[in-house]
Amino acid sequence: MIIDVHTHIYPAVRGRTSAGSVQDYGYGKVSGGPGETPFQLIPPFRPQTAFEPDVLVAHLDFAGVDRAVLLQGPFYGDVNDYVIAAVRKYPERLTGAFFFDPWEDAARETFDAVPDLSVFAAVKIECVGLCDLHPGAALDDPDLAWLWQTLEERGRVLVFDLGAPGSPSYQTAAVRGIAEHHPSLKIIIAHLAQPKPEIEADPQRMALWDEQIELGQLPNIWFDNAALPGYYPDEAYPFPTAARYLQTAIERIGPEKVMWGTDMPGLLLQATYPQLVSMAHLHTRFLSPAQQELFFWRNAQSVYD
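Quick notes on the rules
- Residues numbered from 1 in each chain as written.
- Predicted model: local features only at pLDDT ≥ 70, side-chain atom pairs only at ≥ 80, totals over all residues.
- Heavy atoms only, no water.
- Pairing = 2+ DSSP bridges.
- Helix = DSSP H or I, 4+ residues; strand = E, 2+ residues; numbered from the N terminus.
- Axes fitted to C-alpha atoms, helices over the stretch in contact; angles between N-to-C directions.
- Parallel < 35°, antiparallel > 145°, perpendicular 65-115°, else oblique.
- Left-handed = near helix turned anticlockwise from the far one by under 90°.
- Contact = heavy atoms within 4.5 Å.
- Nonpolar A, V, L, I, M, F, W, Y, C, P; charged D, E, K, R; others polar.
- Buried < 20%, exposed > 50% of the residue type's maximum accessible area, 1.4 Å probe, protein only.
- Phe/Tyr/Trp six-rings, centres within 6.5 Å; stacked < 30°, edge-to-face > 60°.
- Lys NZ or Arg CZ within 6 Å of the ring centre and 35° of its normal.
- Arc of directions from axis to C-beta.
- Polar contact = N/O pair within 3.5 Å; in protein donor to acceptor, adjacent residues only side chain to side chain.

S.K.: Could you clarify how one ought to interpret the sheet that holds strand β7 (residues 67–70) in this entry?
M.R.: In any sheet, the strands associate via hydrogen bonds between backbone groups, in a parallel or an antiparallel arrangement. Read across the open sheet, the eight strands follow the order β1-β7-β8-β9-β10-β11-β12-β13; overall the sheet is parallel. The sheet terminates laterally at β1 (3–7) and β13 (258–259), the two strands that pair on one side only. The pairing of strand β9 (residues 120–126) with strand β10 (residues 157–161) spans five bridges and is parallel. Counterpart to E126 in the pairing with β10 is D161.

S.K.: Please explain the packing of helix α7 (residues 203–213) against helix α8 (residues 240–253) as it appears in this structure.
M.R.: In helix packing, the relevant descriptors are the interaxial angle and the interaxial distance, both defined with respect to the helix axes. One can describe the packing of α7 onto α8 by two numbers: an axis separation of 10 Å at closest approach and a directional angle of 50 degrees. Classed by the angle they form, the pair α7 and α8 counts as oblique. The two elements α7 and α8 cross, and the hand of that crossing is right-handed. Residue-level inspection shows M206, W209, D210 and I213 of α7 in contact with α8, the latter providing Y245, T248, A249, R252 and I253. Per-class residue counts for the contact of α7 with α8 are six nonpolar, one polar and two charged.

S.K.: Hey, could you run me through helix α5 (residues 145–154) in this one?
M.R.: Because an α-helix packs 3.6 residues into every turn, residues spaced three or four apart end up facing the same way. Looking only at α5, the buried set comprises W146, L147, W148, T150, L151 and E152. The inward-facing, buried residues of α5 contact α3 (107–112), β9, β10 and α6 (172–181). Backbone geometry just downstream of α5 places G155 in the positive-phi region, at approximately 70 degrees.

S.K.: In this structure, what is going on with the packing of aromatic side chains? I would like to understand it.
M.R.: Here a ring pair, both rings aromatic, is described through the centre-centre distance and the interplanar angle of the planes. For the structure shown, the criterion picks out 16 aromatic pairs. With centroids separated by 5.9 Å and ring planes inclined at 70 degrees, the aromatic side chains of W148 and F160 adopt a geometry described as edge-to-face. Taken together, the residues W148 in helix α5 and F160 in strand β10 connect sequence positions twelve residues apart. Owing to a relative accessible area of 4%, W148 belongs among the buried residues under this scheme. Summarising the aromatic geometry, the rings of Y231 and Y232 are spaced 6.3 Å apart at their centres and angled 80 degrees between planes, so their arrangement reads as edge-to-face. Ring pairing ties together the aromatic residues F98, F100, F111, F120 and W146, which thus form one cluster. For the cation-ring pair, R244 lies above Y245, with the distance from its terminal atom to the ring centre recorded as 5.0 Å. If you follow K257 out to its NZ or CZ, it ends over the ring of W222, 5.3 Å from the centre.

S.K.: Which parts of the structure should I look at to understand α7?
M.R.: Of the positions making up α7, those classed as buried are W209, Q212 and I213. Buried residues along α7 cover an arc of 100 degrees about the axis, so they all sit on one side. Away from the buried face of α7 by more than 90 degrees, exposed residues P203 and Q204 are located. Summarising the contacts, the buried residues of α7 are in contact with α6, β11 (187–189), β12 (221–224) and α8. Taking the backbone nitrogen of Q204 as reference, a side-chain oxygen 3.1 Å away marks D202 as the first, capping residue of α7.

S.K.: Even after reading the chapter, I still don't get the environment of E235, so can you show me in this structure?
M.R.: Along the chain, E235 turns up in the loop between β12 and α8. Residue class for E235 comes out partly exposed when judged on its relative accessible area of 25%. Each C-alpha atom of the pair E235 and M206 lies 20 Å from the other, and the pair is 29 residues apart in sequence. Setting aside its immediate chain neighbours within four residues, E235 contacts P240 and T241.

S.K.: In this structure, what is going on with the packing of helix α9 (residues 273–283) against helix α10 (residues 289–303)? I would like to understand it.
M.R.: Their axes nearest at 11 Å, the elements α9 and α10 cross at an angle of 145 degrees. You can see that α9 and α10 cross each other, and the crossing is right-handed. Contacts between α9 and α10 involve V277, A280 and H281 from the former and Q292, F295 and F296 from the latter. Residues of the contact of α9 with α10, tallied by class, amount to four nonpolar, two polar and no charged.

S.K.: What is the right way to look at the sheet that holds strand β5 (residues 29–31) in this model?
M.R.: With respect to topology, three strands assemble into an open sheet ordered β4-β5-β6, the strand pairing being antiparallel. Only two strands of the sheet have a single neighbouring strand rather than two, namely β4 (23–26) and β6 (39–40). Relative to β5, β4 runs antiparallel, the two sharing three bridges. For Q23, the partnering residue across the bridge sits in β5 and is S31.

None of this, on its own, says anything about what the molecule does.
Encoded structure:
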């Protein structure tokens, strides 16, 4: 069994940033808004930048991955209905997370109006993009207390993308407070707290990363390791720095608190999907077979019930 806990699907890239609407230049190249520098988001599969659920499932089959969790963010646009359709088409292969902006106008009314939240196993809060759209946004805002309580009561997983150490979205203390006040709420922090190269030359940022990884000591917080190879463009397969940070995190908080994720399809810029599976096995050679099972699927199965 292998579960990829961090993947994306979208019929088109139509999200927004503080610079404006995301621009699609075709063949996987996009920009964060008018006048922004285009970059390659995914490989040049086709004229329109898209990644459909049928293509994702074909990749799962190709690499021998059993299941994937669909996570979205403001960069891709609102694709909640698209995720619902995908989960209903592939109920044995895909698990959906609801993308939500808790700082938008009438956020609670928007959340309460969701016709079928039961389709979603999780709610994704992509703080890094949302804090860009809402300067000063804070996870410890008392006006958000209803959300954490509701998710705990409904048994939904809460997924955070907190951005890079030192960014306004890197709100470690706030996440600790949420976890401690809602002990039954399962929380996943994406991207292994983003150990990007610049933190090694900055002791303060390194300390921030250490502090966030320590959240894994709490019984209801886990991490995924999605996108790590993408942080080290000067390295080639099998990305030794990504392996080093993964081992460091697991040694600190235990193999039962970290799970495998890729950030598909973006990480296809670094390697094929079968290579990403093989690389994950290489990066976890220091674990026993039973511990590798925790990393590859048992943790995900437990968190997502």
